[in-house]
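Now for the letters of each chain:
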Amino acid sequence: MKKRTKRLAGMLLTVVMSMGMVCNANALTMEEAEQKADELEEQKEAAEAENASLSQQLENIIADMNETQNQLTAKEDEIEAAENELVQAQVAADNQYESMKIRIKFMYEGGNTQLMEMLMTSESMGEFLNKAEYISSISEYDRNELIKYQDTVKEIEEKEASLQAEYAELQTLQDQLITQQNEVQTMLDSNEAQLEDIQSQISENEAVLEDLRAKAEEAKRIQEEQAAAAASGGGSYTESSGGNVVSGNGYFTHPCPGYTYQSSYFGEIRPYEVGGHKGHDYAAPTGTPTYAAAAGTVIIAGYSPSAGNWVVINHGNGLTTKYMHHSAICVTAGQTVEKGQQIGYVGSTGQSTGPHLHFQVEENGVAVNPDKYL
Ligand SMILES: [Zn+2]
């Protein structure tokens, strides 16, 4: 009894150990899934920080755009005012020109008509002033007034031109801001897509973790049941199955009756196995009883990193059977078993991607197709 309790304690330890072990490339262990969850959470935080920074940039650009738009509106008002001023100055200059021409015409009435002709056919104020240079009789006052009016027009024209240039500069600035806004918006969109992707990975990983936790919980429950059975002193593991189970009429009984779905076959080539699969894998829920295929002596009942909790039975004449990945085993090395006697419970210990019984048959140490005996 003492020996059995010790063995169960050892088994419990191996099961606990195996929970954190690597199964294969496709499946994550709980430890790996938890690490992945941490990494994804970090990625999410970084992406969220970037999102905040981009949003801030976008806000700044929009504030700049509003400021530039205000300046553009103010500049438009200034230009409009300058244009009105220019019109007024031009009107005043024209009026001065016209009244000057009338005064000159009056002064020369009946005089030199040829000179009058020359002055009155001037195309512009400038031309008139040039020609008038030669006419001493034109009053100094009139000439200076006309020059003054013309200078005012020129001044306003220059002012308007410089306002137009400022406006064009502001417009360029606004165009640049619009380009920046589009760029930041594009980055923000891609950042948001990235965030969505991380969130979906987190959800996926959470589902995997939940599944792994449920499996660990189930393995623990089975261990506790076994410990309770051992503590009650009965030591009988056949209670749940109600005795020997022999099925079919082959030399072997099925080691996992009722679970004929094979997730893998003898000889199947799998990437992580050398020389093909050495037995049949029967997919069954954790805790499903497993049975000795034929009468014999248990030669191994223990734990191995690859086979998990496993049992090897010697049937004599060089024939042995191996049963792997149990959540718990209920025979001990050296013990004789009958055909169909329960030897353990299906699990996923060792190198396994999910609960199943790996059943292997060997003739003189060479794996053969179990179908030969079933
Ligand atoms: Zn297998």
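Residues numbered from 1 in each chain as written. Predicted model: local features only at pLDDT ≥ 70, side-chain atom pairs only at ≥ 80, totals over all residues. Heavy atoms only, no water.

1. Regarding the pairing of strand E9 (residues 342-345)
Line of reasoning, step 1. Summarising the sheet, strand E3 (residues 289-291) and E9 pair through three bridges and their orientation is antiparallel. Each residue of the ladder has a partner; that of Tyr291, found in E9, is Gln342.
Line of reasoning, step 2. Bridge count between strand E7 (residues 328-329) and E9: two bridges; the pairing is antiparallel. Paired with Ile329 across the two strands is Gly344, which belongs to E9. (Pairing = 2+ DSSP bridges. Helix = DSSP H or I, 4+ residues; strand = E, 2+ residues; numbered from the N terminus.)

2. Quick notes on the nonpolar core
Line of reasoning, step 1. Core analysis: the biggest nonpolar cluster contains 22 residues, and Phe252, Val311, Ile313, Tyr323 and Ile343 have the highest contact counts within it.
Line of reasoning, step 2. Elements with a contribution of two residues or more to this core: strand E5 (308-316), strand E6 (319-326) and strand E10 (356-363).
Line of reasoning, step 3. With near-sequence residues (within four places) excluded, Phe252 lies in contact with Ser247, Ala293, Ala294, Leu319, Thr321, Lys339, Phe359, Val361, Tyr373 and Leu374.
Line of reasoning, step 4. Membership of the second largest hydrophobic core comes to 13 residues, among which are Met100, Ile104, Val153 and Ile156. (Core = buried A, V, L, I, M, F, W, Y, C linked by side-chain atoms within 4.5 Å. Buried < 20%, exposed > 50% of the residue type's maximum accessible area, 1.4 Å probe, protein only. Contact = heavy atoms within 4.5 Å.)

3. Some details on the pattern of salt bridges
Line of reasoning, step 1. Scanning all chains against the criterion turns up nine salt bridges.
Line of reasoning, step 2. The partner of Glu218 in a salt bridge is Arg221, and the shortest N-O contact between them spans 3.0 Å. Taken as a pair, Glu218 and Arg221 lie in helix H5 (residues 140-231) at a separation of three residues, close to a single helical turn.
Line of reasoning, step 3. For Arg221, a relative accessible area of 38% gives the class partly exposed.
Line of reasoning, step 4. Here Glu363 ties to Lys372 by a salt bridge, and the two come within 2.6 Å at their closest N and O atoms.
Line of reasoning, step 5. A relative accessible area of 23% places Glu363 in the partly exposed class.
Line of reasoning, step 6. Among the charged side chains, a network of salt bridges with common partners joins Lys75, Glu78 and Glu166. (Salt bridge = Lys/Arg side-chain N within 4 Å of Asp/Glu carboxyl O.)

Without other data, these values stay purely geometric and don't point to any function.
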